[in-house]
Amino acid sequence: MARAVSARRSLLTGILAWTIGLVIFFPILWIVVLSFKSEGDAIAAPLAMLRAPWTFEAYAEVQERSDYFKHFWNSVVISVGSTLIGLLIAIPAAWAMAFVPGRRTKDLLMWMLSTKMMPAAGVLVPMYLIFRDFGLLDTLAGLVGVLTLINLPIIVWMLYTYFKEIPGEILEACRMDGADLKREILYILAPMAVPGIASTLLLNVILAWNEAFWTLRLTASDAAPLTAFIASYSSPEGLFYAKLSAASVMAIAPILILGWFSQKQLVRGLTFGAVK
Amino acid sequence: MGKITLRNVQKRFGEVAVIPEIDLDIDEGEFVVFVGPSGCGKSTLLRLIAGLEDVSGGVIQIDGVDATTLPPAKRGLAMVFQSYALYPHMSVRRNIAFPLKMAGLPPDEIARKVDAAAKVLNLSAYIDRRPGQLSGGQRQRVAIGRAIVREPKAFLFDEPLSNLDAALRVNMRLEISELHQTLKTTMVYVTHDQVEAMTMADKIVVLNAGRVEQVGSPLELYRTPRNVFVAGFIGSPKMNLIEGAAAAAEGAATIGIRPEHLDISSNAGTWAGTVGISEHLGSDTFLHVHSDHGTLNVRAGGEVGLRHGDRVWLTPQADKLHRFDAKGARII
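Throughout what follows, the structure given in this document is the object of discussion. (Residues numbered from 1 in each chain as written. Chains lettered and ligands numbered in written order. Predicted model: local features only at pLDDT ≥ 70, side-chain atom pairs only at ≥ 80, totals over all residues. Heavy atoms only, no water.)

### Brief notes about the environment of Q194 of chain B
Residue and element names in this part refer to chain B.
- You can see Q194 is positioned in helix α6 (residues 194-200).
- The spacing of Q194 and F233 is 39 residues in sequence and 7.5 Å in space, taken between C-alpha atoms.
- Among the polar contacts listed, one links the side chain of Q194 to the backbone nitrogen of G235, at a separation of 2.9 Å. (Helix = DSSP H or I, 4+ residues; strand = E, 2+ residues; numbered from the N terminus. Polar contact = N/O pair within 3.5 Å; in protein donor to acceptor, adjacent residues only side chain to side chain.)

### Observations concerning unusual backbone geometry
- Residue P237 of chain B follows S236 of chain B across a cis peptide bond; omega there is 0 degrees.
- Counting through the fold element by element, P237 of chain B comes out in the loop between α8 (228-233) and β11 (240-243).
- Although it is not a glycine, D138 of chain A adopts a positive phi angle of roughly 60 degrees.
- By relative accessible area, D138 of chain A is classed as buried at 16%.
- Residues other than glycine seldom take positive phi values, yet K184 of chain B does so here, at roughly 55 degrees.
- With respect to the element layout, K184 of chain B can be found in the loop between α5 (166-183) and β8 (186-191).
- Owing to a relative accessible area of 56%, K184 of chain B belongs among the exposed residues under this scheme. (Buried < 20%, exposed > 50% of the residue type's maximum accessible area, 1.4 Å probe, protein only.)

### Remarks on the interface of chain B and chain A
- Contact residues are listed per partner, giving 24 residues for chain B and 15 residues for chain A.
- Counting the surface lost from both chain B and chain A, the interface buries some 1700 Å², and carbon and sulfur atoms represent 64% of this.
- Of all residues in chain B, Y87, H89 and M102 of chain B bury the most surface against chain A, accounting for 30% of the area lost on that side.
- In this assembly, chain B and chain A are joined by three salt bridges.
- Among the ionic pairs, D177 of chain A bridges to R150 of chain B, the shortest N-O distance being 3.9 Å.
- If you look at where chain B meets chain A, you find eight residue pairs in polar contact (both at pLDDT 80 or more).
- Mapped onto the side of chain B that touches chain A, the elements with two or more residues apiece are α1 (42-50), β6 (77-80) and α2 (92-102) of chain B.
- When residues of the side of chain B that touches chain A are assigned to their parent elements, the largest contribution, four residues, is made by α2 of chain B.
- Here the side of chain B that touches chain A is built from residues that sort into 17 nonpolar, three polar and four charged. (Contact = heavy atoms within 4.5 Å. Buried area = accessible area lost by both parts, 1.4 Å probe. Salt bridge = Lys/Arg side-chain N within 4 Å of Asp/Glu carboxyl O. Nonpolar A, V, L, I, M, F, W, Y, C, P; charged D, E, K, R; others polar.)

### Focus: a nonpolar patch on the surface
All names here are of chain A.
- Judged by side-chain polarity, W18, L22, F25, F26, I28, L29 and V32 come together as a nonpolar surface patch covering roughly 680 Å² of accessible area.
- Checked against the element boundaries, V32 lands in helix α1 (residues 2-35).
- The exposure class of V32 is partly exposed, given its relative accessible area of 32%. (Patch = residues over 30% accessible without salt bridge, like charges linked within 9 Å, V, L, I, M, F, W, Y side chains within 5 Å. Areas by Shrake-Rupley, 256 points an atom, 1.4 Å probe, with all protein chains shown as cover.)

### Observations regarding the nonpolar core
- F163 and I188 of chain A together with L6, F34 and L156 of chain B are the most contacted members of the largest nonpolar core, which has 61 residues in total.
- With seven residues, the single largest contributor to this core is helix α8 (residues 140-165) of chain A.
- Every residue in contact with L6 of chain B, bar those within four places of it in the chain, is listed here: I22, D23, L24, L45, I49, V59 and I60 of chain B.
- Within the second largest apolar cluster, 44 residues are counted, among which are L134, F157, L161 and I204 of chain B. (Core = buried A, V, L, I, M, F, W, Y, C linked by side-chain atoms within 4.5 Å.)

See the structure below:
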């Protein structure tokens, strides 16, 4: 009896989970479907649209009209660049906070996180003026800089929780075993922290890749990443559904593939420290 | 090799003096146990010797050389931690080899020494496993292996057995004592378990609130505790401590008598009482007798025929009575 109930319950839970999953995934699925239709079919009623012939037309047009690879490359530079510079700053910071905390370390961490709670629009004007005066508008360097700063609190927090999980006694043991600071980092800390650093890197590449507020407002063409590439197909007039969808698919595909292959790392990274 | 001397060693964390001031001599080849209640500063003292904490004042000498400001790596000591502190990403072999690698030994010599250590500690079958695949006892042996390969001047043990179950603890206790007999290297061992202290030590250092209460051999401490604290701390079950009229009659503020030094009789004696709980251990019976002087623990034979509620008389053996003054110090 108990088994029957639990089997039925697990079936129901399964159906519910799949339903929620599909509802969340539906817009992306719809975009993919639309991207393989002609502009005329894309605005037809859903059923008629589905029955319409499949075509690569939209992709060809998008590639013809704008330089996908330039935007793609800009996205790579901005997301990977800002993440690597962020890690370079955050690793020593998180290190110090985890292993030699001061009296105000916790407050400092909270303050850093609080900056993420401020609406970005609140600093749009000053940021824009700073960018303008320093000649950083529409430059990769400017975007790498601003995204580094935006994601730095998250990088520091993630690394901090990772480093906190490394027991202090292990570091003390290796000091007793004759390791100096360099070899302590090389042989003990780095190998133990690699999974944490890797998932921090992955998550921040994804966050930076998808960042649209600053990338749209501080670029025009030269440094425009894929977010600007998508936006250029959104228009109040004309037939752009299929092209907009094709552009969106092309923009999210690389990061989707990266996320798919690294999902184990990502989940581990996001739940690390939650369960001992 | 392995003589450690502490002179006026102090440790303060901010305003709090964890160790107000300590002088201590640990002789070559000695097995010294630091024992005391939680928070008495015993682990801090060990960490000061290891160099994992900086002293706030005083001098630490190792083999006559001032080691006060030397980093841990340069002191030539090996430490075994409570949590084992093994390197989780390395195999048992690489864990044990790590200090030798740090010392820059050639690979063939490292291999030879690691194999020898693994053999001594019965780890040869697990040599290629990771720490995560080992039981608690095996992990502790790996930690000891990592300590012995480098032939240190002294071993420091920080409550190494407290994460093990009772049966394993007794075994490891014997193994560590055996190791000390074989290696004859100085060992400094921290524990809050006075049974470990009594059974393993050549010399016990009883600590309380960062102060040394008494230093001596286990039997010295047992027979002639210098004050009420040591009297109450050393010995299991604890010494009975009595204040008031009975103590005044002996010219003391507190008198102490161990459970085995109280004679029990159903007919006559010095103090009257009623039998409460009896703990039958087979070889012995510990009776908790409720008397006018509080509940007294009495050790009787395994076959004692007394039951809960029986009226009994207790007589302390006069030559085994410990007398302490109002400050808690022993009256000689």
